[in-house]
Amino acid sequence: MDEFLRDLLVVLFILAILFVIYSIISYFRLKKTRKYFKQLQESLKKGDQVIFLGGVYGTIDRLTKTDAFIKISENNIIKVKRETISQKIK
């Protein structure tokens, strides 16, 4: 019985260490992602070509503090939240 408890504690300790390592890695990845999107939002300007989270391509026609007006084709402009822009096309 003592061996079983000792083995169980060792397994639980290893799982706890793996969880802590995973949490640390996840934290730094999330921090990097937040930094990327903050820089992206600050760098947006009229005329930039962008891609939305859903995969739609367009060109920024106008920007407000919270919204972006995107020209997706001739005479078609849609209003979206700025946060839905996932990347700029260079």
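Below or above, wherever it landed, is the structure these notes cover. Predicted, not measured: the structure shown is a model, and the values here were computed from it. Every chain's residues receive numbers from 1 upward, in the order its sequence appears when written. Local features are withheld for residues below a pLDDT of 70 in this predicted model, meaning they are given only at 70 or higher, and side-chain atom pairs are given and counted only at 80 or more; totals for whole chains, interfaces and linings count all residues. To obtain the side-chain values, all non-hydrogen atoms of the structure were used and water was disregarded.

**Quick look at the sheet that holds strand 4 (residues 76–81)**
Spelled out, the test is: Only when DSSP finds a minimum of two bridges between them are two strands counted as paired. For helices the rule is a DSSP run of H or I covering at least 4 residues; for strands it is a run of E covering at least 2, with both sets numbered from the N terminus onward. Orientation is described by lines fitted to C-alpha atoms, with helices fitted over the stretch in contact, and by angles between N-to-C directions that extend from 0 to 180 degrees.
As summarised here, the arrangement of the five strands in space is 4-3-2-1-5, forming an open sheet in which the pairing is antiparallel. Two strands bound the open sheet, and with one partner strand each, they are strand 4 and strand 5 (85–89). On average, adjacent strands in this sheet sit at an angle of 45 degrees to one another, irrespective of strand direction. By the bridge criterion, four bridges tie strand 1 (residues 49–52) to strand 5 in an arrangement that is antiparallel. Within strand 5, the position partnered with V50 by the bridge is K88.

**What to know about the pairing of strand 3 (residues 67–73)**
Looking at chain direction, strand 2 (residues 57–63) and strand 3 are connected through four bridges and run antiparallel. Residue pairing across strands places R62 opposite F69, the latter belonging to strand 3. What sits between the antiparallel neighbours strand 2 and strand 3 is a turn of three residues. Of the pairings in the sheet, the one linking strand 3 to strand 4 comprises six bridges and is antiparallel in character. Pairing of S73 across the sheet is with N76, part of strand 4.

**Remarks on the side chain of D48**
Spelled out, the test is: Only protein chains enter the accessibility calculation, which uses a 1.4 Å probe. A residue is then buried if its area is under 20% of the maximum for its type, exposed if over 50%, and partly exposed in between. Here, residues are in contact when the closest pair of their heavy atoms is within 4.5 Å.
In this structure, D48 sits in the loop between helix 1 (2–43) and strand 1. Of the residues examined, D48 reaches a relative accessible area of 12% and is grouped as buried. Setting aside residues up to four positions removed in sequence, D48 forms contacts with S43, G58, T59, I60 and K88.

**What to know about the nonpolar core**
The line we're drawing: Take the buried Ala, Val, Leu, Ile, Met, Phe, Trp, Tyr and Cys residues and link them wherever side-chain atoms come within 4.5 Å; each set so joined is a nonpolar core.
Membership of the largest hydrophobic core is limited to nine residues, which are L40, L44, V50, F52, I60, A68, I70, V80 and I85. Breaking this core down by element, the ones donating at least two residues are strand 1 and strand 3. The residues touching I85, leaving out its near neighbours within four places in the chain, are F37, L40, Q41, L44, V50, I51, F52, A68 and I70.

**A few points about the packing of aromatic side chains**
Let me state the cut-off plainly: By convention, a stacked pair of Phe, Tyr or Trp rings (six-membered ring in the case of Trp) has centres within 6.5 Å and planes under 30 degrees apart, an edge-to-face pair has planes over 60 apart, and any other such pair is tilted. Cation placement over rings: the criterion is NZ of Lys or CZ of Arg within 6 Å of the ring centroid and within 35° of the ring normal.
All told, the structure shown has two aromatic pairs when counted by the stated rule. Geometrically, the ring pair formed by Y27 and F28 is edge-to-face, given 5.3 Å between the ring centres and 70 degrees between the ring planes. On the numbers, 5.1 Å between centres and 70 degrees between planes, the contact of Y36 with F37 is edge-to-face. Geometry around F69 places R62 over its ring, the cationic atom sitting 3.9 Å from the centre.

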